[in-house]
Amino acid sequence: MNALIIFVLLLVLMLTGMPISISLGLTVLTFLFTMTNVPIESVALKLFTGIEKFEIMAIPFFILAGNFLTHGGVARRMINFASSCVGHWHGGLALAGVMACALFAAVSGSSPATVVAIGSIILPAMVKQGYPRKFGAGVITTSGALGILIPPSIVMVMYSVTTNTSVGALFMAGVIPGLMLAFLLGLTTWVLAKKHNYPRMAKATWGERFAAFRKSAWGLLLIVIVMGGIYSGVFTPTEAAAMAAVYAFIIAVFVYKDLKIKQVGKVLLDSASMSAMLLYIITNAVLFSFLMTSENIPQQMAAWLTGQGLGPIAFLLVVNVLLLIAGNFMEPSSIVLIMAPILFPVAVALGINPIHFGILIVVNMEVGMCHPPVGLNLYVASGITKMGISELTVAVMPWLLTMLGFLLIVTYVPAISLWLPNLVYGSVG
């Protein structure tokens, strides 16, 4: 009964148009002060201890690194390198967009940042070459979602904080699914481009490819620094995020010189604003998780679900449906912070690997970012393309169906997520 009251109250507050973070906080405070005897001191204490985790520090650093890279000319050089590699195939510039999104995802950790950085450069170029605007928008909106699957990933950090799962193992688990999804999105792009005979670019010589690689090498080196540093044990994921921010600042300002010193203040301010928003959501989600735990709701739900005779296969299907529905109303950070503490104990009770479960949630978040009404990537792409959300929804459909098919594969073939972390760490989970 208490669970029903909590969720109805949360839903009502969200339907008023109130921000998710405030809806969460008000739900917790209303329930605690009217239906329990929990002292106010414990609420205040939980607000502070909830964001005291070392891993949370990675979030503002990855946001800052992403913003430096977005403004620092890294995206343009990555696009040029990708174009030199795949531009001569059918739909060459679109394929370069997919490849550039995958590369930028490996340094930014954010989907909207990937859409903005790559989309704002490549979409006008595609239209100029004769591609339909819808096609270009569909490619970039969905490929930008790779930002949260290919490590480093802010959403993975949030899942790790919520469930006490290893960030390093999650990052490693995202590598193969991320590359696989990038390939499938590229394949969808190529098939559509070949079918409609979209433009191809002149084949680059090996000399041109090497020159493009050399120019983009400083940006690509960030992938080696972050991932290599984590897996060689030189620094933790949080320290890697700080290194990424410092390195991104140096290459944007002093190496590529596309970001002027006077613009750095605005980048810092934008990053602080986005970080504050996410940390506020995390704080209220921690409070919500505290309420759920104090009312024993996750354990009751776990007992009820296992009592229904749901095996791992049926449970994972239910989770996918639930998360896809949640993606209609909330953005990824909120979904992970609210749903993970509830679903995670059930998954563990059913013997589902926590790392595999984390990747499954992240892939669901990717799909959610590309469909209405709250798909964050749709809104970002809408701002770039000046297209309406309904028009964009139709445009992304072929790639969205590809992503749904991939979601099913990742859900029921755990080896895709677990092979690499098992190889590096031994058995994970």
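Residues numbered from 1 in each chain as written. Predicted model: local features only at pLDDT ≥ 70, side-chain atom pairs only at ≥ 80, totals over all residues. Heavy atoms only, no water.

In the nomenclature of an unreviewed UniProt entry, the chain corresponds to TRAP transporter large permease protein from the organism Pseudoduganella armeniaca. Taken verbatim from the UniProt record of the chain, the Subcellular location (unreviewed entry) comment is "Cell inner membrane". UniProt lists a comment for the chain under the heading Subunit (unreviewed entry), and it reads "The complex comprises the extracytoplasmic solute receptor protein and the two transmembrane proteins." (UniProt positions renumbered as here; feature names shortened; annotations may be inferred.)

**With respect to the overall build of the chain**
Check the secondary structure of the chain and you find 20 helices and 0 strands. Whereas a compact globule of 429 residues would reach a radius of gyration of roughly 22 Å, the chain reaches 22 Å, a difference of no more than 12%. If you line up the chain on its principal axes, its C-alpha atoms span 70 × 45 × 45 Å. Looking at the chain as a whole, 55% of its 429 residues are labelled buried. Of all intrachain contacts in the chain linking residues separated by at least 6 positions in sequence, the fraction that spans at least 24 positions is 79%. (Helix = DSSP H or I, 4+ residues; strand = E, 2+ residues; numbered from the N terminus. Rg over C-alpha atoms; globule rule 2.2 N^0.38 Å. Buried < 20%, exposed > 50% of the residue type's maximum accessible area, 1.4 Å probe, protein only. Contact = heavy atoms within 4.5 Å.)

**As for the nonpolar core**
Soluble globular proteins tend to bury their nonpolar side chains together. Residues I118, F135, F315, L323 and F357 are the most contacted members of the largest nonpolar core, which totals 148 residues. If we skip the residues at most four places from it in the chain, L323 touches I335, M339, L343, L360, I361, N364 and M365. (Core = buried A, V, L, I, M, F, W, Y, C linked by side-chain atoms within 4.5 Å.)

**Considering the environment of V319**
Assignment of secondary structure puts V319 in helix α15 (residues 312-326). V319 gets classed as buried once you look at its relative accessible area, which sits at 1%. In this structure the C-alpha to C-alpha distance between V319 and F7, which are 312 residues apart in sequence, comes to 17 Å. If near-sequence neighbours (up to four positions away) are discounted, V319 is found in contact with L343, F357 and L360.

**Observations concerning the packing of aromatic side chains**
For the structure shown, the criterion picks out 11 aromatic pairs. Arranged with centres 6.0 Å apart and planes meeting at 10 degrees, the rings of Y131 and F135 form a pair that is stacked. Its relative accessible area of 7% is what places F135 among the buried residues. Ring plane angle 20 degrees and centroid distance 6.2 Å describe the contact between F315 and F357, whose orientation is recorded as stacked. Of this pair, F315 sits in helix α15 while F357 sits in helix α17 (residues 354-368), placing them 42 residues apart in sequence. The exposure class of F315 is buried, given its relative accessible area of 1%. (Phe/Tyr/Trp six-rings, centres within 6.5 Å; stacked < 30°, edge-to-face > 60°.)

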